Amino acid sequence: MSTDSTLYIGMMSGTSMDGVDGVLADFAGGAIRTLEAAFVPFPDALRADLMALQGSGDNEIAREALAAAHLAGCYAECVAALLPAAPGPVRALAAHGQTVRHRPELGYTRQINHPALLAELTGIDVIADFRARDVAAGGQGAPLVPAFHQACFGQPGQVRVVINIGGIANISVLHADGSVSGFDTGPGNVLMDHWIGLHQGKAYDAGGAWAASGRVDPTLLGILLDEPYFRLAAPKSTGRDLFHADWLAHGLAQAPSMPPEDVQATLTALTAVTIARAIHQQASEVEAVYVCGGGAYNGALLRELAQALGGKTKVETSDALGVAPNHVEALAFAWLGYRFTRRETGNLPQVTGAKGPRILGALYPA
(Lines give C-alpha, C1' and ligand atoms only; values in the text may rest on other atoms or scores of the structure.)
Protein backbone atom coordinates (compact mmCIF):
# COMPACT_ATOMS: atom_id res chain seq x y z
CA MET A 1 0.00 0.00 0.00
CA SER A 2 1.10 3.55 -0.68
CA THR A 3 2.87 5.16 2.26
CA ASP A 4 1.58 8.52 0.98
CA SER A 5 -2.07 7.56 1.45
CA THR A 6 -4.07 9.30 4.17
CA LEU A 7 -6.87 6.71 4.02
CA TYR A 8 -7.27 4.35 6.95
CA ILE A 9 -9.84 1.82 8.07
CA GLY A 10 -10.61 1.55 11.78
CA MET A 11 -12.53 -1.39 13.27
CA MET A 12 -13.85 -1.87 16.77
CA SER A 13 -15.63 -4.78 18.39
CA GLY A 14 -16.45 -3.74 21.93
CA THR A 15 -17.64 -5.13 25.23
CA SER A 16 -21.22 -5.42 23.99
CA MET A 17 -20.00 -8.16 21.61
CA ASP A 18 -22.66 -7.47 19.01
CA GLY A 19 -20.36 -7.18 16.01
CA VAL A 20 -17.73 -5.10 14.22
CA ASP A 21 -18.12 -1.39 13.59
CA GLY A 22 -15.85 -0.09 10.84
CA VAL A 23 -15.12 3.25 9.23
CA LEU A 24 -13.12 4.41 6.26
CA ALA A 25 -11.40 7.64 7.31
CA ASP A 26 -9.32 10.29 5.60
CA PHE A 27 -6.76 12.27 7.61
CA ALA A 28 -5.52 14.49 4.76
CA GLY A 29 -4.21 17.81 5.97
CA GLY A 30 -4.64 16.81 9.60
CA ALA A 31 -8.45 16.72 9.27
CA ILE A 32 -10.56 13.84 10.56
CA ARG A 33 -13.19 12.78 8.02
CA THR A 34 -15.40 9.70 7.84
CA LEU A 35 -15.96 8.63 4.24
CA GLU A 36 -17.94 5.42 4.85
CA ALA A 37 -19.11 3.20 7.67
CA ALA A 38 -20.14 -0.43 7.95
CA PHE A 39 -21.33 -2.87 10.58
CA VAL A 40 -20.91 -6.65 10.50
CA PRO A 41 -22.92 -8.51 13.16
CA PHE A 42 -21.31 -11.45 14.90
CA PRO A 43 -22.74 -14.85 14.03
CA ASP A 44 -24.40 -16.44 17.05
CA ALA A 45 -21.71 -19.11 17.28
CA LEU A 46 -18.88 -16.57 17.41
CA ARG A 47 -20.66 -14.45 20.00
CA ALA A 48 -21.20 -17.57 22.13
CA ASP A 49 -17.52 -18.47 21.81
CA LEU A 50 -16.42 -14.97 22.77
CA MET A 51 -18.75 -14.90 25.75
CA ALA A 52 -17.43 -18.28 26.92
CA LEU A 53 -13.88 -16.95 26.73
CA GLN A 54 -14.73 -14.28 29.29
CA GLY A 55 -14.17 -16.90 31.97
CA SER A 56 -11.78 -19.79 32.41
CA GLY A 57 -12.62 -23.15 30.88
CA ASP A 58 -11.28 -26.24 29.17
CA ASN A 59 -9.04 -26.01 26.12
CA GLU A 60 -8.97 -22.20 26.22
CA ILE A 61 -5.90 -21.78 24.02
CA ALA A 62 -7.41 -23.73 21.13
CA ARG A 63 -10.83 -22.10 21.56
CA GLU A 64 -9.29 -18.64 21.58
CA ALA A 65 -7.25 -19.35 18.45
CA LEU A 66 -10.31 -20.57 16.55
CA ALA A 67 -12.40 -17.61 17.72
CA ALA A 68 -9.62 -15.22 16.67
CA ALA A 69 -9.61 -16.66 13.15
CA HIS A 70 -13.41 -16.38 12.98
CA LEU A 71 -13.16 -12.80 14.21
CA ALA A 72 -10.58 -11.95 11.53
CA GLY A 73 -13.08 -13.18 8.96
CA CYS A 74 -15.66 -10.72 10.29
CA TYR A 75 -13.09 -7.93 10.16
CA ALA A 76 -12.26 -8.84 6.56
CA GLU A 77 -15.96 -8.76 5.69
CA CYS A 78 -16.16 -5.26 7.16
CA VAL A 79 -13.13 -4.16 5.12
CA ALA A 80 -14.74 -5.51 1.95
CA ALA A 81 -17.85 -3.43 2.67
CA LEU A 82 -15.79 -0.27 3.10
CA LEU A 83 -13.28 -0.52 0.27
CA PRO A 84 -15.63 0.39 -2.61
CA ALA A 85 -15.93 3.88 -1.10
CA ALA A 86 -12.14 4.42 -0.99
CA PRO A 87 -10.96 7.03 -3.49
CA GLY A 88 -7.46 5.55 -3.42
CA PRO A 89 -5.29 2.94 -1.70
CA VAL A 90 -5.84 2.37 2.02
CA ARG A 91 -2.65 2.91 4.03
CA ALA A 92 -3.55 0.53 6.86
CA LEU A 93 -6.27 -1.23 8.79
CA ALA A 94 -6.45 -0.56 12.53
CA ALA A 95 -8.18 -3.49 14.21
CA HIS A 96 -8.85 -3.37 17.94
CA GLY A 97 -9.64 -7.05 18.53
CA GLN A 98 -12.05 -8.45 21.10
CA THR A 99 -11.32 -7.96 24.78
CA VAL A 100 -11.73 -11.21 26.69
CA ARG A 101 -9.78 -10.32 29.85
CA HIS A 102 -8.78 -6.96 31.27
CA ARG A 103 -6.61 -7.13 34.38
CA PRO A 104 -4.19 -4.21 34.26
CA GLU A 105 -3.66 -4.51 38.01
CA LEU A 106 -2.00 -7.84 37.19
CA GLY A 107 -0.10 -6.36 34.26
CA TYR A 108 -2.12 -7.63 31.30
CA THR A 109 -5.05 -7.02 29.02
CA ARG A 110 -6.10 -9.50 26.35
CA GLN A 111 -7.68 -8.59 23.02
CA ILE A 112 -7.95 -11.65 20.83
CA ASN A 113 -7.33 -11.08 17.15
CA HIS A 114 -5.58 -12.68 14.20
CA PRO A 115 -3.96 -9.69 12.48
CA ALA A 116 -1.65 -11.88 10.39
CA LEU A 117 -4.68 -13.64 8.90
CA LEU A 118 -6.43 -10.30 8.42
CA ALA A 119 -3.41 -9.04 6.44
CA GLU A 120 -3.57 -12.19 4.31
CA LEU A 121 -7.31 -11.83 3.72
CA THR A 122 -7.19 -8.15 2.78
CA GLY A 123 -3.74 -7.52 1.33
CA ILE A 124 -3.48 -4.37 3.49
CA ASP A 125 -1.12 -3.57 6.35
CA VAL A 126 -2.76 -4.28 9.71
CA ILE A 127 -2.08 -2.45 12.96
CA ALA A 128 -3.32 -4.23 16.09
CA ASP A 129 -2.66 -4.78 19.80
CA PHE A 130 -3.10 -1.14 20.80
CA ARG A 131 -3.52 -1.56 24.54
CA ALA A 132 -0.55 -3.75 25.47
CA ARG A 133 2.15 -1.07 25.28
CA ASP A 134 0.31 1.26 27.64
CA VAL A 135 -0.09 -1.60 30.15
CA ALA A 136 3.60 -2.48 29.74
CA ALA A 137 4.36 1.14 30.65
CA GLY A 138 2.40 0.77 33.89
CA GLY A 139 -0.92 2.06 32.57
CA GLN A 140 -4.45 0.72 32.56
CA GLY A 141 -4.47 0.28 28.77
CA ALA A 142 -7.84 2.05 28.86
CA PRO A 143 -9.57 4.21 28.06
CA LEU A 144 -7.66 5.09 24.90
CA VAL A 145 -10.36 7.20 23.26
CA PRO A 146 -9.87 10.45 25.27
CA ALA A 147 -6.86 11.45 23.13
CA PHE A 148 -9.00 11.05 20.03
CA HIS A 149 -11.94 12.85 21.61
CA GLN A 150 -9.65 15.82 22.23
CA ALA A 151 -8.33 15.75 18.65
CA CYS A 152 -11.79 15.42 17.11
CA PHE A 153 -14.10 17.26 19.51
CA GLY A 154 -11.94 19.57 21.64
CA GLN A 155 -12.70 23.28 21.47
CA PRO A 156 -10.30 25.84 23.00
CA GLY A 157 -11.93 27.85 25.75
CA GLN A 158 -14.78 25.36 26.23
CA VAL A 159 -15.29 22.49 28.64
CA ARG A 160 -16.78 19.50 26.86
CA VAL A 161 -17.55 16.03 28.20
CA VAL A 162 -17.74 13.11 25.79
CA ILE A 163 -19.35 9.96 27.16
CA ASN A 164 -18.80 6.66 25.41
CA ILE A 165 -21.43 4.12 26.43
CA GLY A 166 -20.62 0.71 25.08
CA GLY A 167 -20.65 -2.38 27.25
CA ILE A 168 -18.58 -0.31 29.68
CA ALA A 169 -18.97 3.47 29.96
CA ASN A 170 -16.14 5.97 29.98
CA ILE A 171 -15.88 9.73 30.04
CA SER A 172 -13.46 12.17 28.45
CA VAL A 173 -13.35 15.63 30.01
CA LEU A 174 -11.96 18.09 27.47
CA HIS A 175 -10.95 21.06 29.58
CA ALA A 176 -10.92 24.64 28.34
CA ASP A 177 -7.12 24.83 28.60
CA GLY A 178 -6.66 21.81 26.30
CA SER A 179 -5.92 19.30 29.05
CA VAL A 180 -7.84 16.02 29.16
CA SER A 181 -8.98 13.71 31.94
CA GLY A 182 -11.04 10.56 31.77
CA PHE A 183 -11.64 7.02 32.99
CA ASP A 184 -14.08 4.11 32.89
CA THR A 185 -17.09 5.01 35.04
CA GLY A 186 -18.46 1.47 35.27
CA PRO A 187 -21.12 -0.53 33.44
CA GLY A 188 -22.59 0.91 30.29
CA ASN A 189 -24.89 -1.49 28.46
CA VAL A 190 -23.36 -4.74 29.68
CA LEU A 191 -25.75 -5.45 32.58
CA MET A 192 -28.83 -4.13 30.77
CA ASP A 193 -28.04 -6.33 27.78
CA HIS A 194 -27.52 -9.35 30.02
CA TRP A 195 -30.80 -8.82 31.86
CA ILE A 196 -33.02 -8.38 28.81
CA GLY A 197 -31.30 -11.34 27.17
CA LEU A 198 -32.06 -13.46 30.21
CA HIS A 199 -35.74 -12.49 30.39
CA GLN A 200 -36.75 -11.67 26.82
CA GLY A 201 -34.08 -13.30 24.66
CA LYS A 202 -33.19 -9.95 23.09
CA ALA A 203 -29.69 -8.63 22.47
CA TYR A 204 -30.48 -5.19 23.89
CA ASP A 205 -33.29 -2.98 25.16
CA ALA A 206 -34.20 -1.06 22.00
CA GLY A 207 -34.65 2.59 22.86
CA GLY A 208 -34.79 1.65 26.53
CA ALA A 209 -38.47 0.78 26.10
CA TRP A 210 -38.44 -2.09 28.59
CA ALA A 211 -36.59 -0.02 31.19
CA ALA A 212 -39.14 2.78 30.68
CA SER A 213 -41.94 0.34 31.53
CA GLY A 214 -40.47 -0.31 34.99
CA ARG A 215 -39.53 1.84 37.95
CA VAL A 216 -36.19 2.38 39.61
CA ASP A 217 -35.89 0.51 42.90
CA PRO A 218 -33.88 2.71 45.31
CA THR A 219 -32.88 -0.21 47.53
CA LEU A 220 -31.35 -2.21 44.69
CA LEU A 221 -29.75 0.91 43.23
CA GLY A 222 -28.11 1.66 46.57
CA ILE A 223 -26.80 -1.90 46.85
CA LEU A 224 -25.28 -1.76 43.36
CA LEU A 225 -23.79 1.69 43.92
CA ASP A 226 -21.93 0.32 46.95
CA GLU A 227 -19.47 -1.38 44.59
CA PRO A 228 -15.92 -0.31 45.65
CA TYR A 229 -14.89 0.34 42.04
CA PHE A 230 -17.06 3.45 41.94
CA ARG A 231 -15.07 4.97 44.80
CA LEU A 232 -11.64 4.29 43.32
CA ALA A 233 -9.61 7.28 42.24
CA ALA A 234 -8.59 7.58 38.61
CA PRO A 235 -6.78 6.34 36.63
CA LYS A 236 -9.00 3.29 36.53
CA SER A 237 -10.57 0.97 34.00
CA THR A 238 -12.87 -2.03 34.16
CA GLY A 239 -14.73 -4.59 32.10
CA ARG A 240 -16.66 -7.85 32.19
CA ASP A 241 -14.07 -9.19 34.62
CA LEU A 242 -15.97 -7.23 37.29
CA PHE A 243 -19.40 -6.35 35.94
CA HIS A 244 -20.93 -9.67 34.96
CA ALA A 245 -23.94 -11.88 35.66
CA ASP A 246 -22.66 -13.10 39.03
CA TRP A 247 -21.97 -9.54 40.18
CA LEU A 248 -25.57 -8.64 39.42
CA ALA A 249 -26.92 -11.81 41.01
CA HIS A 250 -25.05 -10.99 44.22
CA GLY A 251 -26.70 -7.58 44.34
CA LEU A 252 -30.16 -8.95 43.57
CA ALA A 253 -29.82 -11.50 46.38
CA GLN A 254 -29.58 -8.61 48.86
CA ALA A 255 -32.63 -6.75 47.53
CA PRO A 256 -36.38 -7.42 47.79
CA SER A 257 -37.95 -9.35 44.96
CA MET A 258 -39.23 -7.14 42.15
CA PRO A 259 -40.54 -7.41 38.57
CA PRO A 260 -37.80 -7.86 35.97
CA GLU A 261 -38.68 -4.57 34.27
CA ASP A 262 -37.92 -2.77 37.55
CA VAL A 263 -34.50 -4.40 37.59
CA GLN A 264 -33.95 -3.16 34.03
CA ALA A 265 -34.99 0.35 35.02
CA THR A 266 -32.62 0.22 37.98
CA LEU A 267 -29.71 -1.00 35.86
CA THR A 268 -30.36 1.89 33.48
CA ALA A 269 -30.28 4.27 36.43
CA LEU A 270 -27.04 2.67 37.67
CA THR A 271 -25.29 3.50 34.41
CA ALA A 272 -26.69 7.05 34.41
CA VAL A 273 -25.90 7.80 38.05
CA THR A 274 -22.32 6.52 37.92
CA ILE A 275 -21.64 8.58 34.79
CA ALA A 276 -23.26 11.67 36.32
CA ARG A 277 -21.26 11.35 39.54
CA ALA A 278 -18.04 11.12 37.55
CA ILE A 279 -18.95 14.23 35.58
CA HIS A 280 -19.80 16.16 38.73
CA GLN A 281 -16.38 15.25 40.14
CA GLN A 282 -14.45 16.15 37.02
CA ALA A 283 -16.39 18.94 35.30
CA SER A 284 -19.11 20.34 37.56
CA GLU A 285 -19.59 23.46 35.41
CA VAL A 286 -20.05 21.74 32.05
CA GLU A 287 -23.14 22.91 30.16
CA ALA A 288 -23.45 20.10 27.62
CA VAL A 289 -22.34 16.49 27.40
CA TYR A 290 -22.13 14.43 24.23
CA VAL A 291 -22.91 10.72 24.20
CA CYS A 292 -21.55 8.18 21.73
CA GLY A 293 -21.58 4.40 21.53
CA GLY A 294 -24.63 2.16 21.50
CA GLY A 295 -26.00 3.77 24.65
CA ALA A 296 -26.60 6.97 22.69
CA TYR A 297 -29.61 5.23 21.09
CA ASN A 298 -31.21 4.36 24.44
CA GLY A 299 -33.72 7.12 25.07
CA ALA A 300 -34.52 5.94 28.59
CA LEU A 301 -30.82 6.03 29.49
CA LEU A 302 -30.36 9.55 28.13
CA ARG A 303 -33.38 10.75 30.13
CA GLU A 304 -32.00 9.13 33.29
CA LEU A 305 -28.63 10.74 32.62
CA ALA A 306 -30.17 14.18 32.18
CA GLN A 307 -32.04 13.72 35.46
CA ALA A 308 -28.95 12.48 37.28
CA LEU A 309 -27.05 15.54 36.07
CA GLY A 310 -29.65 17.75 37.72
CA GLY A 311 -31.63 18.73 34.66
CA LYS A 312 -29.44 21.75 33.85
CA THR A 313 -26.85 20.04 31.67
CA LYS A 314 -27.81 19.48 28.04
CA VAL A 315 -27.45 15.83 26.99
CA GLU A 316 -26.83 15.40 23.28
CA THR A 317 -25.35 12.68 21.09
CA SER A 318 -22.11 13.05 19.17
CA ASP A 319 -24.24 13.76 16.08
CA ALA A 320 -24.23 17.33 17.38
CA LEU A 321 -20.44 17.34 16.91
CA GLY A 322 -20.59 15.85 13.43
CA VAL A 323 -19.88 12.15 14.08
CA ALA A 324 -22.57 9.46 14.38
CA PRO A 325 -22.50 7.80 17.84
CA ASN A 326 -21.87 4.33 16.45
CA HIS A 327 -18.91 5.52 14.37
CA VAL A 328 -16.85 7.25 17.06
CA GLU A 329 -14.87 4.31 18.46
CA ALA A 330 -14.01 2.81 15.08
CA LEU A 331 -12.91 6.27 13.94
CA ALA A 332 -10.80 6.57 17.10
CA PHE A 333 -8.89 3.41 16.21
CA ALA A 334 -8.44 4.53 12.62
CA TRP A 335 -6.87 7.67 14.12
CA LEU A 336 -4.66 5.58 16.41
CA GLY A 337 -3.55 3.61 13.34
CA TYR A 338 -2.75 6.89 11.61
CA ARG A 339 -0.75 7.99 14.64
CA PHE A 340 1.15 4.69 14.64
CA THR A 341 2.26 5.02 11.00
CA ARG A 342 3.51 8.53 11.78
CA ARG A 343 5.29 7.22 14.89
CA GLU A 344 3.22 9.53 17.08
CA THR A 345 2.00 8.64 20.54
CA GLY A 346 -1.59 7.60 21.16
CA ASN A 347 -2.07 7.34 24.92
CA LEU A 348 -2.58 10.03 27.56
CA PRO A 349 -0.58 9.14 30.69
CA GLN A 350 -2.80 11.35 32.86
CA VAL A 351 -5.75 9.18 31.77
CA THR A 352 -4.26 5.68 31.77
CA GLY A 353 -1.56 6.08 34.41
CA ALA A 354 1.27 5.01 32.09
CA LYS A 355 4.80 6.22 32.80
CA GLY A 356 4.70 8.41 29.72
CA PRO A 357 3.38 8.82 26.17
CA ARG A 358 3.79 5.74 24.02
CA ILE A 359 3.33 4.76 20.39
CA LEU A 360 0.52 2.19 20.45
CA GLY A 361 0.12 -0.83 18.23
CA ALA A 362 2.01 -3.52 16.34
CA LEU A 363 2.38 -3.78 12.56
CA TYR A 364 1.52 -6.83 10.45
CA PRO A 365 2.62 -5.93 6.90
CA ALA A 366 0.54 -7.11 3.95
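Residues numbered from 1 in each chain as written. Predicted model: local features only at pLDDT ≥ 70, side-chain atom pairs only at ≥ 80, totals over all residues. Heavy atoms only, no water.

Naming follows an unreviewed UniProt entry, where the protein appears as Anhydro-N-acetylmuramic acid kinase of Massilia mucilaginosa. The heading Catalytic activity (unreviewed entry) in the UniProt record of the protein holds the text "1,6-anhydro-N-acetyl-beta-muramate + ATP + H2O = N-acetyl-D-muramate 6-phosphate + ADP + H(+)". (UniProt positions renumbered as here; feature names shortened; annotations may be inferred.)

Visitor: What's the story with helix α6 (residues 190-200) in this structure? I'm lost.
Guide: Residue pairs three or four apart in sequence face the same way in an α-helix, which turns once every 3.6 residues. Those residues of α6 lying buried are Val 190, Leu 191, Met 192, Asp 193, Trp 195 and Ile 196. Following α6 by one or two positions, Gly 201 adopts a phi angle in the positive range, close to 70°. (Buried < 20%, exposed > 50% of the residue type's maximum accessible area, 1.4 Å probe, protein only. Helix = DSSP H or I, 4+ residues; strand = E, 2+ residues; numbered from the N terminus.)

Visitor: What am I meant to see in the sheet that holds strand β7 (residues 126-128) here?
Guide: What links the strands of a sheet is backbone hydrogen bonding, and the strands pair in either a parallel or an antiparallel sense. Ordered by their spatial adjacency, six strands build an open sheet running β3-β2-β1-β4-β7-β13, and the pairing between neighbours is mixed. Taken across any chain shown, the strands that pair with only one partner, and hence form the sheet edges, are β3 (33-41) and β13 (362-364). When strand polarity is set aside, the average angle formed by the axes of neighbouring strands in this sheet is 20°. As judged from the three bridges shared by β7 and β13, these two strands associate in the antiparallel manner. In the sheet register, Ala 128 faces β13, and the bridge partner there is Ala 362. Strand contacts of helix α3 (residues 115-122): β1 (7-12), β4 (92-95), β7 and β13, with the helix running at about 160° to β7, the strand carrying the most contacts. (Pairing = 2+ DSSP bridges. Axes fitted to C-alpha atoms, helices over the stretch in contact; angles between N-to-C directions. Contact = heavy atoms within 4.5 Å.)

Visitor: Can you help me understand the nonpolar core in this one?
Guide: Nonpolar side chains tend toward joint burial in soluble globular proteins. Within the largest apolar cluster, 44 residues are counted, with the highest numbers of intra-cluster contacts made by Val 161, Ile 163, Ile 171 and Ile 279. Put simply, the parts of the chain that give this core at least two residues each are β8 (160-165), β9 (168-174), α6, α8 (218-225), α9 (245-253), α10 (260-282), β11 (288-292) and α11 (299-308). In terms of residue count, α10 provides more of this core than any other element does, ten residues in total. Apart from residues lying up to four places away in sequence, Ile 163 is in contact with Asn 170, Ile 171, Ile 275, Ile 279, Val 289, Tyr 290, Val 291, Cys 292 and Leu 305. If you look at the next biggest cluster of nonpolar residues, it comprises 32 residues, including Tyr 8, Phe 27, Trp 335 and Leu 348. (Core = buried A, V, L, I, M, F, W, Y, C linked by side-chain atoms within 4.5 Å.)

Visitor: Explain the side chain of Ser 13 to me, please; I cannot follow it from the model alone.
Guide: With respect to the helices and strands, Ser 13 occurs in the loop between β1 and β2 (19-26). Overall, the relative accessible area of 1% leaves Ser 13 in the buried class. Reaching out from Ser 13, the side chain makes a polar contact with the side chain of Tyr 75 at a distance of 2.9 Å. For Ser 13, the side chain forms a polar contact with the main-chain oxygen of Gly 97, separated by 3.3 Å. Non-local contacts of Ser 13, meaning those with residues more than four positions away in its chain, are made with Gly 19, Val 20, Phe 42, Leu 71, Tyr 75, His 96, Gly 97 and Gln 98. (Polar contact = N/O pair within 3.5 Å; in protein donor to acceptor, adjacent residues only side chain to side chain.)

Visitor: Looking at this model, I keep getting lost on the UniProt feature "binding site: ATP" (unreviewed entry) in the protein. Mind explaining?
Guide: The positions UniProt marks with the feature "binding site: ATP" (unreviewed entry) are Gly 14, Thr 15, Ser 16, Met 17, Asp 18, Gly 19, Val 20 and Asp 21. In the annotation above, Gly 14, Thr 15, Ser 16, Asp 18, Gly 19 and Asp 21 are the residues that line the largest pocket. When you line up the elements, Gly 19 lands in strand β2. By relative accessible area, which is 1% here, Gly 19 ends up buried. Residues contacting Gly 19, with those up to four places away along its chain left out, are Met 12, Ser 13, Phe 39, Val 40, Pro 41 and Phe 42. For Val 20, the position within the fold is in strand β2. (1 Å grid on protein atoms, 1.4 Å probe; cavity = no way out; pocket = protein on both sides within 12 Å on 5 of 7 lines; lining within 4 Å.)

Visitor: I tried to follow the packing of aromatic side chains on my own but got confused; where do I start?
Guide: What describes a pair of aromatic rings is the distance from one ring centre to the other and the angle between the planes of the rings. All told, the structure shown has ten aromatic pairs when counted by the stated rule. Consider the rings of Tyr 8 and Phe 27, whose centres lie 5.8 Å apart with planes at 65°: the pair is edge-to-face. Separated by 19 residues along the polypeptide, Tyr 8 in strand β1 and Phe 27 in the loop between β2 and β3 bring together distant segments of the chain. We note that Tyr 8, like Phe 27, is buried. (Phe/Tyr/Trp six-rings, centres within 6.5 Å; stacked < 30°, edge-to-face > 60°.)

Visitor: Before we go on, may I ask you to explain the sheet that holds β8 in this structure?
Guide: Read across the open sheet, the five strands follow the order β10-β9-β8-β11-β12; overall the sheet is mixed. The strands lining the two open edges of the sheet, one partner per strand, are β10 (180-187) and β12 (314-317). Ignoring strand direction, the axes of neighbouring strands in this sheet form an average angle of 20°. In this sheet, β9 lies alongside β8 in antiparallel orientation, the contact comprising six bridges. Opposite Asn 164, over in β9, you have Asn 170 as the bridge partner.

Visitor: Sorry if this is basic, but what is going on with the packing of α6 against α9 here?
Guide: Where α6 contacts α9, the axes come no closer than 10 Å and their chain directions differ by 80°. With respect to each other, α6 and α9 are oriented roughly perpendicular. Facing Leu 191, His 194 and Trp 195 of α6, the residues of α9 in contact are Ala 245, Trp 247, Leu 248 and Leu 252. Here the residues of the contact of α6 with α9 are counted per class, giving six nonpolar, one polar and no charged. (Parallel < 35°, antiparallel > 145°, perpendicular 65-115°, else oblique. Nonpolar A, V, L, I, M, F, W, Y, C, P; charged D, E, K, R; others polar.)

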